[in-house]
Amino acid sequence: MTMIVEELAGRLRTYEDKEAFWIDGQSVSYAAFVQMVDDNSSSLAEAGILEGTPVLISGDINPETLALLWACISSRLICIPHLASNAASLDSKMQVASPEWTVSATPSKDRDG
């Protein structure tokens, strides 16, 4: 799976300034999205989150959360996605999945990529 993720990331890098997302009236380029993935991957590694670790990813559907999810997948973490707007299901996910870490992405107010 990681080879597929790495191959796709390599292809996205070739699109550079082309628009990947249009959210809330702001554009996010492929280059900016891949940079977000790289930044998140570095942050996960610096935090000491190891391959195979269950991680709850809390956020809404936006480029920042998708980049965090991608970083977790490429780091071979066990991803437990959770929409922040669905607080009712959080307790059951915590009990069933027993994540060792909870990570979240904050949408950028100034997407200029």
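This structure is a prediction, so every number in the text was calculated from the model and none was measured.

Asker: Sorry, what's going on with the packing of helix α2 (residues 30–46) against helix α3 (residues 63–74) here?
Answerer: Axes are the key here: two packed helices are described by the angle between their axes and the distance separating the axes. The contact between α2 and α3 brings their axes to 8 Å, and the two run at 55°. Regarding the angle of α2 to α3, the classification is oblique. Two packed elements cross with a definite hand, and for α2 against α3 that hand is right-handed. Residues F33, M36, V37, N40, S41 and L44 of α2 form the contact with α3, whose participating residues are P63, E64, L66, A67, L68, W70, A71, C72 and S74. Partitioned by chemical class, the residues of the contact of α2 with α3 number 11 nonpolar, 3 polar and 1 charged.

Asker: How should α3 be read in this particular structure?
Answerer: An α-helical turn contains 3.6 residues, so any two residues separated by three or four positions project in the same direction. Across its 12 residues, α3 extends 16 Å between first and last C-alpha, which sits within 8% of the 16 Å expected from 1.5 Å per residue. For α3, the full list of buried residues reads P63, E64, T65, A67, L68, W70, A71 and C72. N-cap assignment for α3: the residue whose side-chain oxygen lies 3.1 Å from the backbone N of E64 is N62. Following α3 by one or two positions, R76 adopts a phi angle in the positive range, close to 60°.

Asker: Teacher, can you tell me more about a nonpolar patch on the surface here?
Answerer: Nonpolar side chains collect at one region of the surface, where I61, L66 and L83 lie side by side and expose about 280 Å² of accessible area between them. By the secondary structure assignment, L66 is in helix α3. Overall, L66 belongs to the partly exposed group, its relative accessible area being 33%.

Asker: Mind showing me how you'd approach the environment of E64 here?
Answerer: When you line up the elements, E64 lands in helix α3. Given the relative accessible area of 7%, E64 is considered buried. In this structure, the C-alpha to C-alpha distance between E64 and R13, residues 51 residues apart in sequence, is 17 Å.

Asker: When you look at the packing of aromatic side chains in this model, what are you seeing that I'm missing?
Answerer: Aromatic rings considered in pairs are described by the distance between their centres and by the relative angle of their planes. The final tally for this structure, using the stated rule, is 2 aromatic pairs. Here the aromatic rings of F33 and W70 are separated by 5.7 Å at their centres, their planes lie at 65°, and the arrangement is edge-to-face. Of this pair, F33 sits in helix α2 while W70 sits in helix α3; the two residues are 37 residues apart in sequence, bridging distant segments of the chain. Among the aromatic side chains, those forming a connected cluster through ring pairs are F21, F33 and W70.

Definitions and limits used
- Residues numbered from 1 in each chain as written.
- Predicted model: local features only at pLDDT ≥ 70, side-chain atom pairs only at ≥ 80, totals over all residues.
- Heavy atoms only, no water.
- Axes fitted to C-alpha atoms, helices over the stretch in contact; angles between N-to-C directions.
- Helix = DSSP H or I, 4+ residues; strand = E, 2+ residues; numbered from the N terminus.
- Parallel < 35°, antiparallel > 145°, perpendicular 65-115°, else oblique.
- Left-handed = near helix turned anticlockwise from the far one by under 90°.
- Contact = heavy atoms within 4.5 Å.
- Nonpolar A, V, L, I, M, F, W, Y, C, P; charged D, E, K, R; others polar.
- Expected span 1.5 Å × (residues − 1).
- Buried < 20%, exposed > 50% of the residue type's maximum accessible area, 1.4 Å probe, protein only.
- Polar contact = N/O pair within 3.5 Å; in protein donor to acceptor, adjacent residues only side chain to side chain.
- Patch = residues over 30% accessible without salt bridge, like charges linked within 9 Å, V, L, I, M, F, W, Y side chains within 5 Å.
- Areas by Shrake-Rupley, 256 points an atom, 1.4 Å probe, with all protein chains shown as cover.
- Salt bridge = Lys/Arg side-chain N within 4 Å of Asp/Glu carboxyl O.
- Phe/Tyr/Trp six-rings, centres within 6.5 Å; stacked < 30°, edge-to-face > 60°.

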